[in-house]
Amino acid sequence: MPIQTTSKIWHNGNLIPWEQANIHVMSHVIHYGSSVFEGIRCYGQPHGSAVFRLPEHMQRLLDSAKIYRMDLPFTLDELCAGVVDLIEANGVAPCYIRPIALRGYGEIGVSPKGSPVEVYIANFPWGKYIAGQGGADVCISSWSRMAPNTLPSLAKAGANYMNSQLIHMEAEINGYAEGIGLDVNGLVSEGSGENIFVVRNGVLYTPPLANSALSGITRDSVLTIARHLGHTVTEQSLPRELLYIADEVFFTGTAAEVSPIRSIDRILVADGKPGEITKQIADEFFGIANGLKPDRFGWLTPVKVNTGDAVTV
Ligand SMILES: Cc1ncc(COP(=O)(O)O)c(C=O)c1O
């Protein structure tokens, strides 16, 4: 989907015009993939709008930067305040928010020491991510996720998304909405940009982080919601074939939200319709995100923009 421009972008603490948020082709990040980033959603509420799990996302950005020895010159609170200021300045909600910290223009060579760290935050409208009405048709990728101790899966780094691109492109070319990556031992890991959940005999399963999965904020939200609803939840390694005999399978992610999966490698998941537990969890997730159910876990940061106020340039 083409990016819909807004008016401002947050750059190192200042709001600058969208079209001036440029970097030099010789920046370190362009050559060596040295960036860490986030994807966050802001939802419309009955009164105003609210960012979903803003501090958790910004803490993950700080954690990703720490893994890569990237000193971010901003605190958690400053980054969160930057997001609120930006959304209110642009007047665009609901929206997707993309903070990114990168190694900029300085020196050539792998060592990042001489290249300054720059932080940008953009926001823009973005709708549904996973294609497919009533469930997505997906495949298992021939590409594995990153092996442990190669590219760290717990860092949401730009470089990891070269692997995601291989998985996603292969799926797309073969007519699927998304691809599922296995880890190097052949165990289920995650989608190219989503965590994965399986329901079998009433129990909810998701792979543990040690199977090369990102520590998804939506994954955590779904685990919390499922426990709150009284479901049995297990984080454990899953063999590929469990996906084919599952009662329900769904993706979770900021972009994907809670997306039911209809088929995997052309094998229908149960009768191909979204399952009861998936629907129950999705209902609670969207209810909280859209302010239609109580914010019982304290996940929403209000912003003063009414849905429909959106101005674009
Ligand atoms: C590889 C990968 N796994 C999982 C997720 C889901 O994470 P979250 O729910 O924090 O968006 C994402 C999206 O950020 C992702 O890119």
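Residues numbered from 1 in each chain as written. Predicted model: local features only at pLDDT ≥ 70, side-chain atom pairs only at ≥ 80, totals over all residues. Heavy atoms only, no water.

Enquirer: Kindly report on the packing of helix α5 (residues 217-228) against helix α7 (residues 276-289), identifying the contributing residues and their values.
Expert: Where α5 contacts α7, the axes come no closer than 10 Å and their chain directions differ by 110 degrees. Considering their axes alone, α5 and α7 lie roughly perpendicular with respect to each other. The way α5 lies across α7 gives a crossing that is right-handed. Across the interface between the two elements, Thr218, Val222, Ile225 and Ala226 of α5 pack against Ile281, Glu284 and Phe285 of α7. Of the residues assigned to the contact of α5 with α7, the class counts are 5 nonpolar, 1 polar and 1 charged. (Axes fitted to C-alpha atoms, helices over the stretch in contact; angles between N-to-C directions. Helix = DSSP H or I, 4+ residues; strand = E, 2+ residues; numbered from the N terminus. Parallel < 35°, antiparallel > 145°, perpendicular 65-115°, else oblique. Left-handed = near helix turned anticlockwise from the far one by under 90°. Contact = heavy atoms within 4.5 Å. Nonpolar A, V, L, I, M, F, W, Y, C, P; charged D, E, K, R; others polar.)

Enquirer: An account of the pattern of salt bridges is needed here, citing residue identities and associated values.
Expert: Going through the model one piece at a time under the given rule, you end up with 13 salt bridges. Its salt-bridge partner being glutamate 257, residue arginine 41 comes within 3.6 Å of it at the nearest N-O pair. Placement of arginine 41 in strand β4 (residues 40-44) and of glutamate 257 in strand β15 (residues 257-264) is noted, with a sequence separation of 216 residues between them. Look at arginine 41 and you get buried, because its relative accessible area is 7%. Residue glutamate 56 pairs with arginine 53 through a salt bridge whose shortest N-O separation is 3.3 Å. (Salt bridge = Lys/Arg side-chain N within 4 Å of Asp/Glu carboxyl O. Buried < 20%, exposed > 50% of the residue type's maximum accessible area, 1.4 Å probe, protein only.)

Enquirer: Any chance you could break down the environment of proline 260 for me, citing the residues and the numbers?
Expert: Within the fold, proline 260 resides in strand β15. With 17 residues separating them in the primary sequence, proline 260 and isoleucine 277 have C-alpha atoms 11 Å apart.

Enquirer: Lay out the site of the ligand in plain terms, naming residues and giving numbers.
Expert: Close contacts around the ligand come from 17 residues, with Lys156, Tyr161, Glu190, Thr218 and Thr254 the closest. One of the backbone nitrogen or oxygen atoms of isoleucine 217 is found 2.7 Å away from an oxygen atom of the ligand. A distance of 2.6 Å separates an oxygen atom of the ligand from a polar side-chain atom of threonine 218. Here the ligand, which alone exposes 380 Å², has 96% of that area covered by the protein. (Near = heavy atom within 4 Å. Polar contact = N/O pair within 3.5 Å; in protein donor to acceptor, adjacent residues only side chain to side chain. Areas by Shrake-Rupley, 256 points an atom, 1.4 Å probe, with all protein chains shown as cover.)

Enquirer: For α5, give the residues involved together with the corresponding values.
Expert: An ideal rise of 1.5 Å per residue puts 16 Å on 12 residues; α5 measures up with 16 Å between its terminal C-alpha atoms. Restricting attention to buried positions, one finds in α5 the residues Ile217, Thr218, Arg219, Ser221, Val222, Leu223, Ile225 and Ala226. At the C-terminal side of α5, glycine 230 shows a positive phi close to 90 degrees. (Expected span 1.5 Å × (residues − 1).)

Enquirer: Describe the side chain of serine 34, naming the residues involved and giving the relevant values.
Expert: Within the secondary structure, serine 34 sits in the loop between α1 (28-32) and β3 (35-37). At a separation of 3.4 Å, a polar atom in the side chain of serine 34 contacts the main-chain amide nitrogen of valine 29. Not counting the four nearest positions on each side in its chain, serine 34 is found in contact with His28, Val29, Met70, Ala101, Leu102 and Arg103.

Enquirer: Break down helix α2 (residues 54-67) for me, citing the residues and quoting the values.
Expert: Counted at 1.5 Å a residue, the expected span for α2 with its 14 residues is 20 Å, and the 20 Å between its end C-alpha atoms agrees. Immediately downstream of α2, the backbone of arginine 69 shows phi near 50 degrees, a positive value.

Enquirer: Give me the packing of aromatic side chains: which residues, what numbers.
Expert: Under the defined criterion, the tally for this structure stands at 11 aromatic pairs. Ring geometry for phenylalanine 52 and phenylalanine 285: centres 5.3 Å apart, planes at 75 degrees, overall edge-to-face. Of this pair, phenylalanine 52 sits in strand β5 (residues 49-52) while phenylalanine 285 sits in helix α7, and the two are 233 residues apart along the sequence. For the pair phenylalanine 52 and phenylalanine 285, one class covers both residues: buried. An aromatic cluster is defined as three or more aromatic residues linked by ring pairs; in this entry it consists of Tyr43, Phe52, Phe285, Phe286, Phe297 and Trp299. (Phe/Tyr/Trp six-rings, centres within 6.5 Å; stacked < 30°, edge-to-face > 60°.)

Enquirer: Give me the lowdown on the state of the cysteines, citing residues and values where you can.
Expert: Scanning all chains against the criterion turns up 0 disulfides. With no disulfide of its own, cysteine 42 lies closest to cysteine 95 among cysteine sulfurs, the gap being 4.5 Å. Left unpaired, cysteine 80 is separated from the closest cysteine sulfur, that of cysteine 42, by 13 Å. (Disulfide = S-S within 2.5 Å.)

Enquirer: How would you explain unusual backbone geometry if you had to name every residue and give the values?
Expert: Between alanine 93 and proline 94 the backbone carries a cis peptide bond, its omega angle lying at 0 degrees. Position of proline 94 relative to the elements: it lies in the loop between α3 (76-90) and β6 (95-103). Positive phi, normally seen in glycine, also occurs at asparagine 201, with a value near 50 degrees. Tracing the chain through its elements places asparagine 201 in the loop between β11 (195-200) and β12 (203-206).

Enquirer: Could you give me a rundown of the pairing of strand β1 (residues 8-11), with the residues and numbers involved?
Expert: Bridge analysis of β1 against strand β2 (residues 14-17) gives 4 bridges, and the strand direction is antiparallel. Opposite histidine 11, over in β2, you have asparagine 14 as the bridge partner. Counting the residues in the hairpin turn of β1 and β2 gives 2 residues, including asparagine 12, whose phi is positive at 45 degrees. Where β1 lies against strand β7 (residues 117-124), 2 bridges are found, and the strand directions are antiparallel. Within the sheet, the bridge partner assigned to histidine 11 lies in β7 and is tyrosine 120. (Pairing = 2+ DSSP bridges.)

No statement about biological role is implied by the geometric values presented.
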